[in-house]
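Architecture at a glance
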Amino acid sequence: TVVDHKNWKVTGEIPTLGCWAVLPVPSKPKTFGTICGDGTFVTVTLNDKGDGATQARSEKLFDAEKDPIFVQGEAVGDQYYFVTFQGNVKVVDLSGDTAKLADSWSLVTDADKKDNWRPGGYQILAVHAPTKRLYVAMHDNGKEGSHKVPAKEIWAFDLATKQRVERAPGSGAVAISLTKEAKPTLYTYAGEEMTVTRYDTQPALKPVATSAQVGDTVGLIATH
């Protein structure tokens, strides 16, 4: 659904059959991407009135049957970071006419794979561009169907080297989010306890405080 914010009225509805999520493209205010069930992305560009759009489908960028991506993406410019069920990072560039796979690498080492470490939760990923850090909620003994299991650990990766640089207790997180400061704070939401845990990220990633129960259901976190 497209809304005109100046006049507060709906201008159009754009069909995105078989696709999920709205991924804004910062350099193109009338364009967004969406993730499709066949492993492709569709780039949607609105007309000036917002009552119609052109759509361009990419090549297959991930294997939706063998290793699907979590729908949550973290943007750095026009590129979005996604994580797959088996622990692979997919970086998708939405700056062009069609989406392109800009990079792909694994979160898990051979040793990690022996213990079946995988991402899990609902909001499992956070990226901080200034410090070039990626944080992800991970659990061991992963298997088909464990993609919503709360975090046993939070892992931090250096985006420049693509190597894990830290790991910390997961606090049962199903959602994680970073604040926007130069030295960010990480917040997690526990799916079973329904508590929020605050983590320092510098000089080291560690939990420093946990709240009382917040809410009565699994939630997502937005930091401001």
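Structural data are supplied above this passage.
Cut-offs applied
- Residues numbered from 1 in each chain as written.
- Predicted model: local features only at pLDDT ≥ 70, side-chain atom pairs only at ≥ 80, totals over all residues.
- Heavy atoms only, no water.
- Salt bridge = Lys/Arg side-chain N within 4 Å of Asp/Glu carboxyl O.
- Helix = DSSP H or I, 4+ residues; strand = E, 2+ residues; numbered from the N terminus.
- Buried < 20%, exposed > 50% of the residue type's maximum accessible area, 1.4 Å probe, protein only.
- Pairing = 2+ DSSP bridges.
- Axes fitted to C-alpha atoms, helices over the stretch in contact; angles between N-to-C directions.

Here we come to the pattern of salt bridges. The tally for this structure, following the rule as stated, stands at seven salt bridges. A salt bridge links Lys 162 to Asp 103; its shortest N-O distance comes to 2.6 Å. On the criterion of sequence distance, the pair formed by Lys 162 in the loop between strand S14 (153–158) and strand S15 (163–169) and Asp 103 in strand S10 (residues 100–106) is long-range, its members being 59 residues apart. Looking at Asp 103, the relative accessible area reads 26%, which means it is partly exposed. Residue Lys 152 is joined to Asp 140 by a salt bridge in which the shortest nitrogen-to-oxygen separation is 2.9 Å. One end of the pair, Lys 152, is in the loop between strand S13 (133–139) and S14; the other, Asp 140, is in the loop between S13 and S14, and 12 residues separate them in sequence.

Spatial ordering of the open sheet is given by S7-S8-S9-S10, a layout of four strands whose pairing is antiparallel. Strands at the two margins of the open sheet, each flanked by one partner only, are strand S7 (74–76) and S10. Each adjacent strand pair in this sheet contributes to an overall mean axis angle of 25°, direction not counted. Sheet topology note: the strand S9 (residues 88–93)/S10 ladder contains six bridges and is antiparallel.

Let us now look at the pairing of strand S4 (residues 28–36). Note: strand S3 (residues 19–25) against S4, five bridges, orientation antiparallel. Each residue of the ladder has a partner; that of Cys 19, found in S4, is Cys 36. The hairpin formed by S3 and S4 contains two residues between the paired strands. As paired strands, S4 and strand S5 (residues 41–46) are joined by five bridges and run antiparallel to one another. Paired with Phe 32 across the bridge in S5 is Val 44.

Just geometry here; none of it tells us what the structure is for.
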